[in-house]
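# Commentary on secondary and tertiary structure
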Amino acid sequence: MDLTLIFWSPISQITLALILGSFIGLERTFAGKTAGMRTYGLVSMSSCIFVVISGILGAGLNLGPDVLRIAPAIVTGIGFLGAGLIIFKESKLSGLTTAAGLWVACGVGIAVGFGFYTIAIFASALTVFDFTILWYIENWIKKLASKNNKDNSGESGGELTS
């Protein structure tokens, strides 16, 4: 087996995971959220590292499918991290989208670690689409719904006319 491949494959995987995670976090940075490029990049990169290391150790120790056990453990850990970001204060929920985005960044890192590069790149692009384009669509729908609610509330409280 080529030792160069053994060294460069994990390095390139970890680097790709960091780049994709940072790409996802870029929008969060522009939006002024607490978790930004560095946080998303680190979550994605660390998830990839755990998968890569478990794969290397599993291959070296002939553990076979036991390396698959690492993914659920990573997801559980990121769940705790995400839960710390979600805040409910004065009937207002915040941090939920950021926490969900971190979960996706974790999944991207896991995908890269297992060698599913196309899935990781596609998921990153879809996440940025969700954070940007769908944000505008959601706000437009909220404005439309708010306008409809105001129009409807004015009709029900007024006098009846013939």
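Read on for a plain summary of the structure.

Analysis parameters
- Residues numbered from 1 in each chain as written.
- Predicted model: local features only at pLDDT ≥ 70, side-chain atom pairs only at ≥ 80, totals over all residues.
- Heavy atoms only, no water.
- Helix = DSSP H or I, 4+ residues; strand = E, 2+ residues; numbered from the N terminus.
- Buried < 20%, exposed > 50% of the residue type's maximum accessible area, 1.4 Å probe, protein only.
- Patch = residues over 30% accessible without salt bridge, like charges linked within 9 Å, V, L, I, M, F, W, Y side chains within 5 Å.
- Areas by Shrake-Rupley, 256 points an atom, 1.4 Å probe, with all protein chains shown as cover.
- Salt bridge = Lys/Arg side-chain N within 4 Å of Asp/Glu carboxyl O.
- Axes fitted to C-alpha atoms, helices over the stretch in contact; angles between N-to-C directions.
- Parallel < 35°, antiparallel > 145°, perpendicular 65-115°, else oblique.
- Left-handed = near helix turned anticlockwise from the far one by under 90°.
- Contact = heavy atoms within 4.5 Å.
- Nonpolar A, V, L, I, M, F, W, Y, C, P; charged D, E, K, R; others polar.
- 1 Å grid on protein atoms, 1.4 Å probe; cavity = no way out; pocket = protein on both sides within 12 Å on 5 of 7 lines; lining within 4 Å.
- Points joined across faces, edges and corners; volume = space filled by probe spheres on them.

## Comments concerning the environment of T15
By secondary structure assignment, the location of T15 is in helix 1 (residues 3-30). For T15, a relative accessible area of 40% puts it in the partly exposed group. Through-space distance from the C-alpha of T15 to that of C48 is 9.3 Å; in sequence the pair is 33 residues apart.

## Considerations on a nonpolar patch on the surface
Where nonpolar side chains cluster on the molecular surface, the patch consists of F122, L126, F129, I133, L134, I137, W140, I141 and L144 and spans about 850 Å² of accessible area. Looking at the element boundaries, W140 is found in helix 5 (residues 117-156).

## Quick look at the packing of helix 3 (residues 70-85) against helix 4 (residues 96-113)
Interaxial distance between helix 3 and helix 4 falls to 9 Å at its minimum, and their mutual angle equals 160 degrees. The pairing of helix 3 with helix 4 is recorded here as roughly antiparallel in orientation. Relative to helix 4, helix 3 is oriented so that their crossing is right-handed. Here helix 3 contributes A71, I74, V75, I78, L81, G82 and L85 to the contact with helix 4, which in turn contributes T98, A99, L102, W103, C106 and I110. For the contact of helix 3 with helix 4, a count of residues per class yields 11 nonpolar, 2 polar and no charged.

## Description of the layout of surface pockets
What the largest pocket holds in volume is close to 490 Å³. Of all the elements in the fold, those that place two or more residues in the lining of the largest pocket are helix 1, strand 2 (92-94), helix 4 and helix 5. Of all the elements, helix 5 adds the most residues to the lining of the largest pocket, at 7 residues. For the lining of the largest pocket, the per-class residue count stands at 7 nonpolar, 6 polar and 6 charged.

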